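Summary of structural features
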Amino acid sequence: MKITKRTVPSSLEEITLFKVENESGASVELSSLGAGIVEVNVPDKDGKIENVALSYANPADYIADGPCLGKVPGRYANRIALGKLNIDGKDYQLAINNGPNALHGGPTGFMNRIWNAEELPDGVRFTYKAADGEEGYPGEFTAVAEYHWSEDNVLTLNLSATTDKETVVNLTNHAYFNLDGADAGTVLTHKMKLNAANWLPTDATQIPTGEIAPVEGTPMDFRDFKEIGKNIKADFEALKIGKGYDHCWVTDGYEKGKMINEVAVLMAPTSGRVLTVGSTQPGMQIYTGNWLSGSPLNKSGKSYEDYEGVAIEMQGFPDAPHHPNFPSQALRPGEEYCETIRFAFSVK
């Protein structure tokens, strides 16, 4: 495995980018800003290698971007209602940054920080230490995002965390994929299959109601391959609220610590590329890039438009601290949070 690195200036501090390339020439580029995925360069059905992860031309433009492109949000990815937490009888108020709610750990979160970086033989280990009270969360908290790239084009992300006070945690990666090429246009013709018979309905502010609802008979049913765009404009309240898909599906067969190798499959008929996502996490937030318009310039010199990428965010359930029927996202001193996400790229 060949690893090369470069640095670029930013308004925070220097950003370090690592390119990890296997013997076939396929590669990933990773950033110390938000422990982010910047590029995933993999072959199509004709052997042409190109980037399939949405990317900005300037690595510093990832700072405070609306789409949270490619980065690791935290300390709690997704939404917490009204930014309120009660932990061990004590109330905490989190930063509000998404309507009335807290999103992705706050306006700065983990995604807009420079993480410490350490090269591995086949990847990079990023570490970030959050102070007690940062963005309102209790506990001095250490997060680790460890990426490994394989000879057969599998990107594995191991996420771990520890704390010195009881707190909550939900870590994921927020990469957006377009398997026809990062700047190729819409993903609405991509086909997607989800290993999920249930999903989480939300209120108008996209906070789960607590119900776990069957997908059968609704536009949320992706148990068989279906074009992303087939039902995206359907007369269905959830799709109207999000302007498309921005919802959490419940992973079938979830057991804590168990890797499920095929949670989601994304396929692009034009390029023949296939992305198979595996994970140990209980939920998957599928977001079809409904608000990408106006993002920083990509390498084609333009802003991405809505629906030009899809994020498959393996994670715990949104707002889990307020729903005892959801898998717990609590983390206590002496415990270690450990989750894995696997992105396997192939062709068909």
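Everything that follows concerns the structure shown earlier in this document.
Let us look at the structure shown here. Please read all numbers here as calculations on a predicted model, not as lab measurements.

Time to look at the overall build of the protein chain. Looking only at helices and strands, the protein chain features 1 helix and 26 strands. Computed over C-alpha atoms, the radius of gyration of the protein chain comes to 19 Å, within 12% of the 20 Å expected from 2.2 N^0.38 for 348 residues, which places it in the range of a compact globule. Within the protein chain, buried positions represent 58% of all 348 residues. Excluding contacts between residues fewer than 6 apart, the proportion of contacts in the protein chain whose partners are at least 24 apart in sequence is 65%. Summed over all atoms, the accessible surface of the protein chain reaches about 13300 Å², with 48% contributed by carbon and sulfur. Between the mean site of the 31 positive side-chain charges and the mean site of the 47 negative ones, the protein chain shows a separation of 2 Å.

In spatial order, the strands read 1-2-3-4-5; together these 5 strands make up an open sheet with antiparallel pairing. Both edges of this open sheet fall to strand 1 (2-8) and strand 5 (49-51), since each of them pairs with a single strand only. Pairs of neighbouring strands in the sheet enclose a mean axial angle of 15°, with direction left out of account. By the bridge criterion, 5 bridges tie strand 2 (residues 15-21) to strand 3 (residues 27-31) in an arrangement that is antiparallel. Paired with leucine 17 across the bridge in strand 3 is serine 31.

All right, on to the pairing of strand 13 (residues 154-163) then. Of all 10 residues in strand 13, 8 are buried; the element is thus mostly enclosed. Bridge count for strand 12 (residues 141-149) against strand 13 is 9 bridges, and the pairing is antiparallel. Among the inter-strand pairings, tryptophan 149 is bridged to a residue of strand 13, identified as leucine 155. Following strand 12, the chain reverses through 4 residues before pairing antiparallel with strand 13; asparagine 153 in that reversal takes a positive phi of roughly 65°.

Next up on the list: the layout of surface pockets. The calculated volume of the largest pocket comes to roughly 520 Å³. Around the largest pocket, the lining comprises 25 residues; the ones closest to its centre are Gly66, Pro67, Asn98, Leu103 and His104. Partitioning the lining of the largest pocket into residue classes produces 10 nonpolar, 10 polar and 5 charged. Space inside the second largest pocket adds up to approximately 280 Å³. Residue lining of the second largest pocket: 17 residues in total, with Lys256, Ser328, Ala330, Tyr337 and Glu339 positioned closest to the centre. Contributing elements (two or more residues each) for the lining of the second largest pocket: strand 25 (330-331) and strand 26 (337-347). For the lining of the second largest pocket, the element with the highest residue contribution is strand 26, accounting for 3 residues.

Tallying each qualifying case throughout the model produces 15 aromatic pairs. A ring pair is formed by tryptophan 199 and phenylalanine 236, whose centres lie 6.0 Å apart and whose planes are at 50°; its orientation type is tilted. Of this pair, tryptophan 199 sits in strand 17 (residues 198-199) while phenylalanine 236 sits in the loop between strand 19 (226-227) and helix 1 (237-242), placing them 37 residues apart in sequence. Accessibility expressed as a relative area gives 5% for tryptophan 199, which makes it buried. Given the relative accessible area of 21%, phenylalanine 236 is considered partly exposed. Plain terms: the ring middles of tyrosine 245 and tryptophan 249 are 6.1 Å apart, the flat faces sit at 50° to each other, and that makes the pair tilted.

Applying the stated rule across the entire model yields 2 cavities of 30 Å³ or more. Of the voids in this model, the largest cavity is the one considered here, and its volume is about 60 Å³. In terms of lining, the largest cavity is formed by Asn78, Arg79, Leu200, Thr202, Gln206, Pro208, Asp246, His247, Cys248, Gln285 and Pro318. The biggest single contributor to the lining of the largest cavity is strand 20 (residues 246-250), with 3 residues. Among the residues making up the lining of the largest cavity, the classes are represented as 4 nonpolar, 5 polar and 2 charged. What lines the second largest cavity is simply Ser31, Leu33, Gly36, Ile37, Val38, Tyr62, Leu69, Gly70 and Lys71.

Turning our attention to the pattern of salt bridges. For side chains bearing opposite charge, pairing can occur when the charged atoms are close. As enumerated under the stated definition, the model contains 15 salt bridges in all. Residues arginine 113 and glutamate 134 are paired through a salt bridge, measuring 3.4 Å at the closest nitrogen-oxygen approach. Placement of arginine 113 in the loop between strand 9 (102-103) and strand 10 (116-120) and of glutamate 134 in the loop between strand 11 (123-130) and strand 12 is noted, with a sequence separation of 21 residues between them. Salt bridges here are not isolated pairs; linked through shared partners, they connect Glu118, Arg125 and Glu146.

All right, on to the state of the cysteines then. According to the stated counting rule, one finds 0 disulfides in the structure shown. Cysteine 68 takes part in no disulfide bond, and the closest cysteine sulfur to it belongs to cysteine 248, at a distance of 16 Å. In this structure cysteine 68 comes out as buried when scored by relative accessible area, which is 4%.

Glancing now at the sheet that holds strand 17. Overall, antiparallel pairing links the 6 strands, which are arranged 15-24-23-20-17-18 in an open sheet. Each edge of the open sheet is held by one strand with a lone partner, namely strand 15 (176-177) and strand 18 (213-214). As defined by bridge partners, strand 17 adjoins strand 18 across 2 bridges and the pair is classed as antiparallel. Each bridged residue has a counterpart across the sheet, and for asparagine 198 the counterpart in strand 18 is proline 214.

About the criteria used
- Residues numbered from 1 in each chain as written.
- Predicted model: local features only at pLDDT ≥ 70, side-chain atom pairs only at ≥ 80, totals over all residues.
- Heavy atoms only, no water.
- Helix = DSSP H or I, 4+ residues; strand = E, 2+ residues; numbered from the N terminus.
- Rg over C-alpha atoms; globule rule 2.2 N^0.38 Å.
- Buried < 20%, exposed > 50% of the residue type's maximum accessible area, 1.4 Å probe, protein only.
- Contact = heavy atoms within 4.5 Å.
- Areas by Shrake-Rupley, 256 points an atom, 1.4 Å probe, with all protein chains shown as cover.
- Lys, Arg positive; Asp, Glu negative; His and termini not counted.
- Charge placed at Lys NZ, Arg CZ, Asp CG, Glu CD.
- Pairing = 2+ DSSP bridges.
- Axes fitted to C-alpha atoms, helices over the stretch in contact; angles between N-to-C directions.
- 1 Å grid on protein atoms, 1.4 Å probe; cavity = no way out; pocket = protein on both sides within 12 Å on 5 of 7 lines; lining within 4 Å.
- Points joined across faces, edges and corners; volume = space filled by probe spheres on them.
- Nonpolar A, V, L, I, M, F, W, Y, C, P; charged D, E, K, R; others polar.
- Phe/Tyr/Trp six-rings, centres within 6.5 Å; stacked < 30°, edge-to-face > 60°.
- Salt bridge = Lys/Arg side-chain N within 4 Å of Asp/Glu carboxyl O.
- Disulfide = S-S within 2.5 Å.

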